[in-house]
Amino acid sequence: MEQLWELFIGFFRASNLAFGGGPAIIPLIKTEVVNNGWMSIGEFSEGLAIASSLPGPIAALLAGFVGYRVFGWLGVLAALLGALALTSILVIVLTDFLMRNSNSPILKGALTGVRPLVVVLVAKTAFDMGVNSFSSIWSWVIAGLALICLQKFKLHPGIVICLSMVFGLIVFQ
Amino acid sequence: MLKKVWEVFIGFARASNLGFGGGPAIIPLIQQEAVTRYKWMTEEEFADALAIGNSLPGPIATKLASYIGYRVAGWPGVIAGLLATLISTFVIVILGDVIIRYSHTPALSAALQAVRPVVVVLIAQSAYEMGKKAFPKKYRSTWAIAVIALGILFMTNIHPGILVVCAMVTGYFAYGRKSVQS
C-alpha cells in the first residue's frame, strides 16, 4: 500500500512540475526512481530506451514501465493516475471555460493574441527536434520526400511514417 | 453517442500509435484527426486548446486527448481518448522484457532514425496550418507578437505558460477592446 502511494506521489510530482511535455519529465522521473529506490539506473535507462523506440507519450510509457516493476498492474494504475489525473482535469476545465466564453470580446482578443504564439511554440518544437534529427544527407532526402507525399499527394501522415521506416531499413542499416 | 466515443478512441489510437518521438510528435497527428478527418474542431480552436495545454504541466498528448475527448463525447470520451493514447503504455508493460531484447537492434534504430525527419516535417506543417489562421489581415500586429515570442524563446529559457499568459494579456489590450467599440 505504501509503495502504491509512493508511486502515485512520485509520478504526481514529476509530471506536475514538468512544463514542456514529455522530454521535460524524464529527468524528474529519474530522480523519483533513484530517491525511492524503485530500480537501478541501468534498469531505468533500459526502460527509457524502449520507451523512446515506442510511439506514444514518453511520460505515460515510463509510468507504465516503472509502475509495473514496482507493484504490478496496481502500480501501473497508481503511477498513471499520479502522472495524468490532475493535468487532465485542469485542461478540461480550463479549455472548456475558454471555449464557452470564446465569443466574449475580451477572450476573443486574448485568443487572437495567443494564436501567433502557439504557431511559434510549435515551430520552435520542430526546430529543436530538427537540430537532432538530420544526421545525414538521407535525412534531408526523407524530409523532402515526406513533404511531397504530404502536400502534393495528400497521403495520411501515418502512411508517410510507415513508409519512412521501411526506407530507413534500406538506407540506414 | 457510442459512435462518437468509438471515433474518439480510433482517432487517438491512430494518432498516438503512429507518433514516434513522444508527445510533440503526436500533436500533428491529433490535428489530422480532430480538424481534418472528424472535424471535431476548427484550426483556431485546436490552436487555442494547444495554448492551454502548453501552459499546464504534464504530457501534451494526454492533455489533448482529455480535452478533445470531453468536447466530443463527455467523460466517456475522456476515458476513450486516454485509453487509446495509452495503448503503447500497456504494450510496454506486457511486452517490456521482449522489447528490451530488440531495442538495440540496428534495424529498429535505422527505422527510428528515418522517422525523425518526417516528424520534424509534420510538426512544421502543423505550425504552418495553424499559422494560416493565426495572422488575420485585420490584425497585422499579430506578426509582432510572433517575432517577439521567437526572440524570447531563443534567448531565454522562459516557461511557455508565462508566454501564453503574456500573449493573452497583450491580445486583450490590443484586440479585445477594439472589437467592443466596433
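### Focus: the packing of helix α3 (residues 43–55) of chain B against helix α4 (residues 60–85) of chain B
Residues and elements named next belong to chain B. With their axes 10 Å apart at the nearest point, α3 and α4 run at an angle of 130° to one another. As far as their axial angle goes, α4 and α3 are oblique. The handedness of the crossing between α3 and α4 comes out as right-handed. On α4, the residues that touch Glu45, Phe46, Ala49, Leu50, Gly53 and Asn54 of α3 are Ile60, Lys63, Leu64, Tyr67, Ile68 and Arg71. Of the residues assigned to the contact of α3 with α4, the class counts are seven nonpolar, two polar and three charged.

### Quick look at the pattern of salt bridges
Residues and elements named next belong to chain A. Going through the model one piece at a time under the given rule, you end up with eight salt bridges over all chains. Among the ionic pairs, Asp128 bridges to Lys124, the shortest N-O distance being 3.1 Å. On the criterion of helical spacing, the pair formed by Asp128 and Lys124 is a turn pair, its members being four residues apart in helix α5 (residues 105–133). Residue classification places Lys124 among the buried positions, given a relative accessible area of 16%.

### Description of the confidence of the model for chain B
The pLDDT averaged across chain B works out to 90; a share of 97% of its residues lies at or above 70. In the predicted complex, the global pTM is 0.87; the interface-specific ipTM is 0.87.

### Observations concerning the domain arrangement of chain B
Residues and elements named next belong to chain B. In terms of domain boundaries, chain B breaks down into domain 1 (2–133) and domain 2 (135–182). Domain 1 and domain 2 are separated by 27 Å when their C-alpha centres are compared. With six residues of domain 1 at the contact, the number on the domain 2 side is seven residues. Where domain 1 abuts domain 2, roughly 420 Å² becomes buried across the two surfaces, and 66% of that area is made up of carbon and sulfur atoms. Sorting the residues of domain 1 by area buried against domain 2 places Asn54, Ser55 and Gly131 first, and these three jointly supply 61% of that buried surface. At the junction of domain 1 and domain 2, the tally comes to zero salt bridges. Between domain 1 and domain 2 we count zero residue pairs in polar contact (both at pLDDT 80 or more) in total. Top contributing element to the side of domain 1 that touches domain 2 by residue count: α3, with four residues.

### Quick word on the nonpolar core
With 80 residues, the main nonpolar core has Phe46, Leu50, Leu64 and Ile68 of chain B as its most contacted residues. Here this core takes 13 residues from helix α6 (residues 106–134) of chain B, the largest share from any one element. Contacts of Ile68 of chain B, omitting those with residues within four sequence positions, involve Phe12, Ile30, Ala34, Trp40, Met41 and Phe46 of chain B. Counting residues in each nonpolar core, the second largest holds 34 residues, with Met39, Ala79 and Ala83 of chain A together with Leu86 of chain B among its members.

### Section: the interface of chain A and chain B
Of the residues lining the interface, 88 residues belong to chain A; the matching set on chain B comes to 100 residues. Carbon and sulfur atoms supply 80% of the area buried between chain A and chain B, which totals about 8,100 Å² over both sides. Inspection of the region where chain A meets chain B yields one salt bridge. Residues Asp48 of chain B and Arg115 of chain A are paired through a salt bridge, measuring 2.9 Å at the closest nitrogen-oxygen approach. On inspection of chain A and its partner chain B, the count reaches nine residue pairs in polar contact (both at pLDDT 80 or more).

### Thoughts on the environment of Lys30 of chain A
All names here are of chain A. Its place among the elements puts Lys30 in helix α2 (residues 22–36). Under the relative-accessibility criterion, Lys30 is labelled partly exposed at 37%. Sequence-wise, Lys30 and Ile9 are 21 residues apart; in three dimensions their C-alpha atoms are separated by 14 Å. Ignoring sequence-local partners within four residues, the contact set of Lys30 consists of Ile41 and Phe44.

### Regarding the domain arrangement of chain A
Assigned domains within chain A: domain 1 (2–133) and domain 2 (135–173). The gap between the C-alpha centroids of domain 1 of chain A and domain 2 of chain A is 28 Å.

Scoring rules and cut-offs
Residues numbered from 1 in each chain as written. Chains lettered and ligands numbered in written order. Predicted model: local features only at pLDDT ≥ 70, side-chain atom pairs only at ≥ 80, totals over all residues. Heavy atoms only, no water. Axes fitted to C-alpha atoms, helices over the stretch in contact; angles between N-to-C directions. Helix = DSSP H or I, 4+ residues; strand = E, 2+ residues; numbered from the N terminus. Parallel < 35°, antiparallel > 145°, perpendicular 65-115°, else oblique. Left-handed = near helix turned anticlockwise from the far one by under 90°. Contact = heavy atoms within 4.5 Å. Nonpolar A, V, L, I, M, F, W, Y, C, P; charged D, E, K, R; others polar. Salt bridge = Lys/Arg side-chain N within 4 Å of Asp/Glu carboxyl O. Buried < 20%, exposed > 50% of the residue type's maximum accessible area, 1.4 Å probe, protein only. pLDDT = per-residue confidence, 0-100. Domains from an automatic or database assignment. Buried area = accessible area lost by both parts, 1.4 Å probe. Polar contact = N/O pair within 3.5 Å; in protein donor to acceptor, adjacent residues only side chain to side chain. Core = buried A, V, L, I, M, F, W, Y, C linked by side-chain atoms within 4.5 Å.

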